[in-house]
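Structural characterization, general
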Amino acid sequence: MEHMNKQIEHVLTNIDQVMIGKREVATLSIVAMLAGGHVLLEDVPGVGKTMMVRTLAKSVGTDFKRIQFTPDLLPSDVVGVSIYNPKTLSFEFREGPIVGHIVLADEINRTSPKTQSALLEAMEEGSVTVDGETVHIPKPFFVMATQNPIEYEGTYPLPEAQLDRFLLKIKMGYPTFDEEVEVLRRAEHHEPITSLQSVITIDELRELQAQVKEVHIEDSIKAYIVDIVRNTRLDQYVYLGASPRASLALMRAAQSYAFVQGRSFVTPDDVQYLAKFVLSHRLILKQEARYEQIEAEEIVQRVLTRVAVPTQKAMHYE
Amino acid sequence: MTKPMSKIELCIYYAFIFLILYEWLVPIMELTNTGYIQYFMLFILLSIACTLLQLPMPIAALLKVMYILWFITLTHGGVHLLHIDGMRFLASEALYNAKQLIHLDVAAVTNSVRTILFFVLLWMLMYLIHYWITVRYSLFYFVVMTIFFLASLDTFSDYDGQWAIAKVLLYGLVLTGMLVVKRIIATHDLHVPASYMVLYTIPVFALVATAGYGAYMMPKAPPTWPDPIPFVKSVATGEKSVSKVGYDEDDSTLGGSFESDDTLVFTAQTSEKRYWRIDSRDTYTSKGWTQSYAEPTTKYVNANAYVGTMYNAENVDDVTITMETDDPYVLSPYGTLLYDYDEQFIVQERIESGYRESLYVSDWTTSPMDSYRLQVDEPSYSLEALRQTDMEKYESLGAEFDRYLQLPDTLPQRVRDLAHDITDIVPTAYEKARAIETYFKLNGYTYSTIGVAIPTETEDYVDQFLFETKVGYCDNFSTSMVVLMRSLGIPARWVKGFVTGDAIDNTTYEITNNEAHSWVEVYLVGIGWVPFEPTIGFSGTLDVAYDVEAQDDALDEQLPEQTPQSPEQPQVPEQEKSSATSTTASAAAIWNVVKWIGLVLVAVLLIGAAILYKRRNRWLPAYYVKQSHKQPQNWTTFEKNYKNLLKQFEANGYVRGKHETLAAYAKRIDEALQSTEMRTLTSAYECYLYGNSAQEANFAYLQECWEYLINRTSG
């Protein structure tokens, strides 16, 4: 049977000390981090989104930067600003909170599109440019953005093109009754996070990221991924299907997930498992879907049942 | 596996077994010229008794051995076993045979050894039967084999197993029926009181009895296939087996069905409907027709030379024949005056039978003429003259008519009696012929070309048709009439040729093989050979001049209908087929049989294959495992094995959707089978399938897992 990658296992066990019943979210976060992608956590306030990021950051042995998005936040508040230094008679760049290894972008949909765009650009490029000066954000760079479900008032829904920048969209979900009681028990005397130790270093994390790229992905699986992505474009409820960027994302995520699982190759199960996290926020549904209350996750699941799993060594696309 | 049967029950079963074994022994005794059947039956009784009394093995064996020895001394030595001579005989026999056996001279051993072997065989058979009854609760194969055995003997030897087969079938059905009930009770472990058992068997008895009685009472079709042995022999010796229906030279065996054949034989330009006479036969063999002479006398019929007498110049008709086949015979319609043909040919006539054929002048070989012409003046017979054929006139016939009065010695008396019954009310030969001609039409005979019997070795062709089958075609009717006429002392001969054929227009007729026909010529003193047509559905061409006053005679009233002037042949059904065939028909029938056997064989093979295919889940795993043992263990063979396993699971109802990953499927299977092997195999397979390079694997362990799973699929 499969055994998880030892280091990742350590990290997850570490996170488990603080986060209760959130192993899947933690695993997916690590998958995204190792794949060099970013995560969009979507859920109501108070279910532990911030705590997850903090715990993750602490386990990796780095601090995390937090940007609380508000309607009046300016792009410069995110990426940084050049200010004049009278001593040196020159403008100096003061980097914003985006420049860091792990960034928590809290309630990203509450700020103006302009600021959102600045953040997303930084996420995509891995660098920020202010007044013609480009500052590279050190790797690993991992943004975990949270957003309230868009039905809430006072939000600026993220444009679909920008949602594309997130590798995975994860829903936190409420803990079960027992889990919630356990949360209380652990927090009875002190915050559990304060006693948390880091288990890997940033350098080790970089090493792991390099290893993820080595995970083998057979051509038949690549074809399978493309099959799935192309099929999202054919669904009757989908206005705009997933893009080739989505195929790429699904492959990266699958590699990373396989690595986390301690495997040196990707299986169709990895792809199937990740498809809804990778693809559902990249689909634009038709109005009919909304009327019939069909969620994007459902459509992704449906697409999966339509695509044949490759079980032949020889490649037969189509 | 179950509680032992009660004694009474066993007793009943063994009673039936005893009866069946009796039917076994009878033909063996009969065919091997062995006597003493009662002693063999006694031995069987002894065996049954030993079983029923549950005697200990050694005692039962001793009893049987003693019995065998007693039998041998009594029958081969003529003395009783316990007598001193008996002992001496036994000792000498044993010594002698032992010596022969040591020298491997099997042929020299005495009959006592063979007898012992036969007893041993019976002994073993009794054990087998006991096993079948008490453990398997099934005697089906035994019964089937018995019937097969009896049927084979019945077919291939002199033994007549007709009743034995019926009896064995009935016994077998009752036994099988009772054992089925028994089996049901045993497998479901029911507790049924003895009285119920009796109750359950009553319907079986009733059913078998009803079926047997019904089968006995049902009318049975006559055998339409000839005895297979002569046929097999004829095939083996390369004799003609299958030929076409149509005009045929050989009539030595008649009977059997035939198929129609509408090959065009010739076309005739003629102003009247004619019977196209070709040949006649004079000797009836009780199976068919031959000639009384070995070599015919021949003479030539020159072109444009008169061969007949012209009665009425106005009546002369010019007939043109165009042959479509390569037959050399020349047609001789009644009243043929002369032939007109190409001078390259010459027509030769066999005087005894009137058969005419064409020869090619340059080399004197028989050769067909494409076309020739005839002048025909069909005779018209005076009714008055016909009526003056009193029987006294036949008493002074010359010896040259003897061959037309010939009848086989084996002809049953009832045929002769029938001839007299039919004709005694009329005085003249002509009227007698008419009476016989119409007899068939009025007495329930039917015309058919299929389902026509072939007489067996002991049967007479005419007798069979007249009294038993009453179904036949022209050969049956015409031969019967000839035989009946001869029985009355009136010369008659059997004539072959073709009937009128299909009219294309007023003067053109097309004659196909279907028009091949046979009819009768009767010698009427003072008139000559006059044709008669006894076959139902055919009207003759006899032209009778009504030169006497109308009579109230019922026979005569029918005459006008039978004159050739009647424009149509209303009685002739569309599919009317007649033939002058002979063995061809029976050969065709046999070919039919062979065809059917072939078809049945193919069907059986197909069904067998279908069953094998349907039940492949059962035997395929074992085959796969066997195959896998022959192969080296590597990824390629592993892949093959794994795929076979998938197929097996699929066949067992574990269907994998196309979208289902192998891992998910494996998990499902393992959950269903409560195993872990499928996941082990699948992750190994995935490693091979999706991994980047050839990796090492513990193939021995994988093989073990695979064998475990694939063997489970066969259960």
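Look up: the structure comes first, before these words.
Residues numbered from 1 in each chain as written. Chains lettered and ligands numbered in written order. Predicted model: local features only at pLDDT ≥ 70, side-chain atom pairs only at ≥ 80, totals over all residues.

**Describing the overall build of chain A**
As a reminder, the rule being used: Strands are runs of DSSP state E lasting at least two residues, helices are runs of H or I lasting at least four, and both sets are numbered from the N terminus onward. Contact between two residues is assigned when their C-beta atoms, built from the backbone, lie within 7 Å.
Looking only at helices and strands, chain A has 13 helices and eleven strands in total. Of the contacts made within chain A by residues no fewer than 6 positions apart, 79% connect residues no fewer than 24 positions apart.

**Observations concerning the environment of Ala305 of chain B**
Residues and elements named next belong to chain B. Stated formally: Each residue is classed by its C-beta neighbour count within 10 Å, where at least 20 other C-beta atoms makes it buried, 12 or fewer makes it exposed, and intermediate counts make it partly exposed; the C-beta atoms are placed from backbone geometry.
Mapped onto the secondary structure, Ala305 falls in the loop between strand E5 (298-301) and strand E6 (317-323). Judged by the 12 C-beta atoms lying within 10 Å of it, Ala305 falls in the exposed class. Taking the C-alpha atoms as reference points, Ala305 and Tyr339, separated by 34 residues in sequence, lie 7.0 Å from one another.

**Topic: the interface of chain A and chain B**
Counting from both sides, the interface comprises 18 residues of chain A and, opposite them, 13 residues of chain B. Going through the elements one at a time, helix H11 (268-279) and helix H13 (296-306) of chain A are the ones with two or more residues in the side of chain A that touches chain B.

**Thoughts on the pairing of strand E16 (residues 492-498) of chain B**
Regular strands place their side chains on alternate faces of the sheet. All names here are of chain B. To be explicit about the condition: In short, DSSP must find at least two bridges between two strands for them to pair.
For E16, the tally of buried residues reaches seven of seven residues, placing the bulk of the element in the interior. Going residue by residue along E16, you find Ala492, Trp494, Lys496 and Phe498 tucked away on one face and Arg493, Val495 and Gly497 tucked away on the opposite face as well. Across five bridges, strand E2 (residues 276-281) lies against E16 in antiparallel orientation. Counted as the bridge partner of Arg281 is Trp494 from E16.

**Notes on the packing of helix H18 (residues 635-651) of chain B against helix H21 (residues 699-714) of chain B**
Residues and elements named next belong to chain B. Note the cut-off: Axis lines are fitted to C-alpha atoms, over the contacting stretch for helices. Their N-to-C directions set the angle, which ranges from 0 to 180 degrees. By the definition adopted for this analysis, an angle is roughly parallel if under 35 degrees, roughly antiparallel if over 145, roughly perpendicular if from 65 to 115, and oblique otherwise. Here a crossing is called left-handed whenever its near helix is offset anticlockwise from the far helix by less than a right angle, and right-handed whenever the offset is clockwise. In this classification, Asp, Glu, Lys and Arg are treated as charged, Ala, Val, Leu, Ile, Met, Phe, Trp, Tyr, Cys and Pro as nonpolar, and every other residue, Gly included, as polar.
In the contact formed by H18 and H21, the axes pass within 10 Å of each other and the chain directions differ by 20 degrees. Classified by the angle between their axes, H18 and H21 sit roughly parallel to one another. Remark: the crossing between H18 and H21 carries left-handed chirality. Residues Phe638, Asn641, Leu645, Gln648 and Phe649 of H18 form the contact with H21, whose own contacting residues are Phe699, Leu702, Trp706, Leu709, Ile710 and Thr713. Of the residues in the contact of H18 with H21, the class split is eight nonpolar, three polar and no charged.

**Comments concerning the pairing of strand E18 (residues 508-512) of chain B**
All names here are of chain B. Of the two faces of E18, only the one carrying Tyr509 and Ile511 is buried; Thr508, Glu510 and Thr512 on the other face are not. Relative to E18, strand E17 (residues 502-505) runs antiparallel, the two sharing three bridges. Bridge assignment links Asp502 to a residue of E18, and that residue is Glu510.

**Comments concerning the nonpolar core**
Side chains of nonpolar character tend, in soluble globular proteins, to be buried together. Which entries qualify depends on this criterion: Each nonpolar core reported here comprises buried Ala, Val, Leu, Ile, Met, Phe, Trp, Tyr and Cys residues connected via C-beta atoms within 7 Å.
Ranked by size, the top nonpolar core spans 112 residues in total, and within it Leu168, Leu250, Ala253, Ala254, Val271, Leu274 and Val278 of chain A carry the most contacts. Tallying contributions element by element places helix H10 (residues 244-260) of chain A first for this core, with ten residues. Leaving out residues up to four positions away in the same chain, Ala254 of chain A has contacts with Ile217, Val266, Asp270, Val271 and Leu274 of chain A. Within the second largest apolar cluster, 72 residues are counted, among which are Tyr284, Ile321, Leu331 and Phe477 of chain B.

**Some thoughts on the packing of helix H2 (residues 37-52) of chain B against helix H3 (residues 57-77) of chain B**
Packed helices, taken two at a time, are described by the angle between their axes plus the distance between the axes. Residue and element names in this part refer to chain B. Axis separation between H2 and H3 bottoms out at 10 Å; the angle between their running directions is 170 degrees. One element, H2, and the other, H3, form an angle in the roughly antiparallel class. In contact with Tyr39, Phe43, Leu46, Ser47 and Cys50 of H2, H3 contributes Ala60, Leu63, Lys64, Tyr67 and Phe71. Looking at the contact of H2 with H3 residue by residue, the classes come out as eight nonpolar, one polar and one charged.

**Quick notes on unusual backbone geometry**
Positive phi, close to 60 degrees, is recorded for Asn304 of chain B, a residue that is not glycine. Among the secondary structure elements, Asn304 of chain B is positioned in the loop between E5 and E6.

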